[in-house]
Amino acid sequence: MDQIHTRAIEALQPFIALANSSSANSPRFVANIITNATSNAHTFVFAELLETAAVQALRSPDTPAEYQSYLTLLEIFAWGTWQDYQETPNLPALSPAQTLKLRLLTLLTLSSTIQPLTYTALMGALSITAPADLESLVTTAIYSSLITARLSPASIPPTVNVTAIAPLRDVKPQSLANMITILTQWETRCGDVISDIEAEIAKIKSESAKRRAKEHERNVIFEQTLAAYRAEAASAAGGGEGNVAGGARKHWGQQPQQAFRGGGLGGNKREFSADELDDDDGYWEHGNDYDSIQALGGSRMDIDEGPGSGRAAGSGVAGARHPKRILGKKS
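All values derive from a computational prediction rather than experimental measurement.

As for the side chain of T159
Summarising the element assignment, T159 is placed in strand β2 (residues 159-165). Given a relative accessible area of 10%, T159 falls into the buried group. Among residues more than four places away in sequence, those in contact with T159 are L117, T118, Y119, R150, L151 and S152.

Topic: the packing of helix α1 (residues 2-19) against helix α2 (residues 27-39)
Angle between the axes and distance between the axes are the two parameters that describe a pair of packed helices. The interhelical angle for the contact between α1 and α2, taken along N-to-C directions, is 175°, at an axis separation of 10 Å. Regarding the angle of α1 to α2, the classification is roughly antiparallel. For the pair formed by α1 and α2, the contact residues are L12, F15, L18 and A19 on the first element and F29, I33, N36 and A37 on the second. Each residue belonging to the contact of α1 with α2 can be placed in one class, and the counts come to 7 nonpolar, 1 polar and no charged.

Focus on the pattern of salt bridges
Counted by the stated rule, this structure contains 1 salt bridge. A salt bridge links R59 to E75, with the shortest nitrogen-to-oxygen separation between them at 3.0 Å. Of this pair, R59 sits in the loop between α4 (53-56) and α5 (65-79) while E75 sits in helix α5, placing them 16 residues apart in sequence. Here R59 falls in the partly exposed class, since its relative accessible area comes to 47%.

Thoughts on the pairing of strand β1 (residues 147-152)
Here β1 pairs with β2 via 6 bridges, running antiparallel. The partner of S152 across the bridge, within β2, is T159. A loop of 6 residues connects β1 with β2, the two strands running antiparallel in sequence.

Details of α5
The end-to-end C-alpha separation of α5 is 22 Å, in line with the 21 Å expected for 15 residues at 1.5 Å each. Of all the positions in α5, only Y67, S69, Y70, L71, L73, L74, E75, I76, F77 and A78 are classed as buried. Contacts made by the buried residues of α5 are with α2, α3 (47-50), α4, α6 (82-87) and α7 (96-113).

So, a nonpolar patch on the surface
On the surface, a nonpolar cluster with roughly 250 Å² of combined accessible area is contributed by V171, L176 and M179. Accessibility expressed as a relative area gives 45% for V171, which makes it partly exposed.

Quick look at helix α8 (residues 119-126)
Residues separated by three or four positions in an α-helix point in the same direction, a consequence of the helix having 3.6 residues per turn. Listed in full, the buried residues belonging to α8 are Y119, L122, M123, A125 and L126. An end-on view of α8 places all buried positions within 170° of arc, on one side of the element. Of the exposed residues in α8, the ones pointing more than 90 degrees away from its buried face are T120 and G124. Among the structural elements, α6, α7, α9 (131-143), β1 and β2 are those in contact with the buried residues of α8. Just past α8, the residue S127 takes up positive phi, approximately 55°.

Thoughts on the packing of aromatic side chains
Summed over the entire model, instances satisfying the criterion amount to 3 aromatic pairs. Ring plane angle 80° and centroid distance 6.2 Å describe the contact between F46 and F77, whose orientation is recorded as edge-to-face. Separated by 31 residues along the polypeptide, F46 in the loop between α2 and α3 and F77 in helix α5 bring together distant segments of the chain. When sorted by exposure, F46 lands in the same class as F77, which is buried. Note on W82 and Y85: the rings are 5.9 Å apart at their centroids and 40° apart in plane angle, and the pair reads as tilted. One end of the pair, W82, and the other, Y85, are both in helix α6, 3 residues apart, so they sit about a helical turn from each other. Taken as a pair, W82 and Y85 share a single burial class, namely buried. Of note, K101 hangs over the ring of F44, and the distance from its end group to the ring centre comes to 5.0 Å.

Things to note about a negative patch on the surface
A grouping of D192, D196, E200 and E207 is seen on the molecular surface, where their side chains present a negatively charged patch. With respect to the helices and strands, the residue E200 is situated in helix α10 (residues 176-260).

Structural notes on the nonpolar core
Ranked by internal contacts, the top residues of the largest apolar core, which has 55 residues, are L49, V55, L134, L146 and L168. Looking at which element gives the most residues to this core, the answer is α5, with 8 residues.

Quick word on the side chain of T118
In this structure, T118 sits in the loop between α7 and α8. Judged by relative accessible area, which is 13%, T118 ranks as buried. Among the polar contacts made by the side chain of T118, one reaches the main-chain amide nitrogen of A121 at a distance of 3.2 Å. Excluding residues that lie within four positions of it along the chain, T118 makes contacts with P157, P158 and T159.

What counts, and at which threshold
- Residues numbered from 1 in each chain as written.
- Predicted model: local features only at pLDDT ≥ 70, side-chain atom pairs only at ≥ 80, totals over all residues.
- Heavy atoms only, no water.
- Helix = DSSP H or I, 4+ residues; strand = E, 2+ residues; numbered from the N terminus.
- Buried < 20%, exposed > 50% of the residue type's maximum accessible area, 1.4 Å probe, protein only.
- Contact = heavy atoms within 4.5 Å.
- Axes fitted to C-alpha atoms, helices over the stretch in contact; angles between N-to-C directions.
- Parallel < 35°, antiparallel > 145°, perpendicular 65-115°, else oblique.
- Nonpolar A, V, L, I, M, F, W, Y, C, P; charged D, E, K, R; others polar.
- Salt bridge = Lys/Arg side-chain N within 4 Å of Asp/Glu carboxyl O.
- Pairing = 2+ DSSP bridges.
- Expected span 1.5 Å × (residues − 1).
- Patch = residues over 30% accessible without salt bridge, like charges linked within 9 Å, V, L, I, M, F, W, Y side chains within 5 Å.
- Areas by Shrake-Rupley, 256 points an atom, 1.4 Å probe, with all protein chains shown as cover.
- Arc of directions from axis to C-beta.
- Phe/Tyr/Trp six-rings, centres within 6.5 Å; stacked < 30°, edge-to-face > 60°.
- Lys NZ or Arg CZ within 6 Å of the ring centre and 35° of its normal.
- Lys, Arg positive; Asp, Glu negative; His and termini not counted.
- Charge placed at Lys NZ, Arg CZ, Asp CG, Glu CD.
- Core = buried A, V, L, I, M, F, W, Y, C linked by side-chain atoms within 4.5 Å.
- Polar contact = N/O pair within 3.5 Å; in protein donor to acceptor, adjacent residues only side chain to side chain.

Put into structure tokens, the structure is as follows:
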């Protein structure tokens with residue numbers, strides 16, 4: 001859309017140069033400039049041409065009436081509509097190129113003021129009788145990048161859905177006061193919205209500060225409680241260590257007495273082998289013959305009967321060493 005606006009301004013520059021030249025001292029010459037400018041396919045803005053001295057000179061009472069109307073025609077092309085042309089008397093007749101141009105400019109204005117943009121409203125505002133002619137005009141506007149739109153002839157009612165409009169209409173000087181009023185009201189509404197937002201921000205900050213203060217207070221109470229608990233636990237642990245130390249001293253003081261309490265350390269020894277655990281163990285019938293025992297592959301066990309056992313007990317001799325009995329597994 002910005003490119004089409006730039007091209008429209010560039011397309012108007014040759015006509016502005018002609019209007020500012022020394023040749024533009026004739027009303028007829030200026031009228032021809034206006035006709036050519038409004039017929040050009042790429043010109044859509046005309047305010048800069050309207051501001052030239054040669055064009056404004058057409059407003060003079062000395063200008064013939066037939067040329068004064070060209071100034072009004074240029075103003076209609078700048079910010080007017082097809083209806084304005086139809087309602088204004090004594091205007092020059094339009095060529096086909098001028099008719100197409102004015103209808104395209106009117107379509108731009110209607111696209112921003114009428115919603116929904118129905119076929120009926122457009123055909124009445126543009127003096128078009130056939131829907132096909134209206135669709136052709138809208139298609140031309142779309143391909144000229146004047147609007148972004150979609151035709152909906154099957155909808156009820158048939159409409160033209162416009163989504164974007166090129167900024168190719170000049171601002172009417174009489175509408176500046178209204179625009180200033182609208183912008184002032186918009187500024188006031190924006191100020192009210194900003195004030196509400198700032199008040200909400202201040203409220204949020206205040207609530208956040210209160211929450212932080214409460215959280216800090218809870219943290220202080222928690223730290224104090226934790227410190228008191230640790231101090232109490234340390235005190236209890238100190239008393240427990242004293243009791244444990246006293247009990248240990250008492251325990252180790254009793255151990256030597258228990259260790260040496262009871263009978264002597266001496267005694268008689270018996271030697272066992274793994275075969276003794278068998279239920280079928282019995283005496284070997286081979287006596288003390290060691291070789292015989294080894295030949296049989298059995299196990300041997302020496303049993304020291306000790307004092308007072310066996311025959312020694314009968315003889316009454318204490319501490320005497322007696323022969324050992326050899327036990328082994330029966331074959």
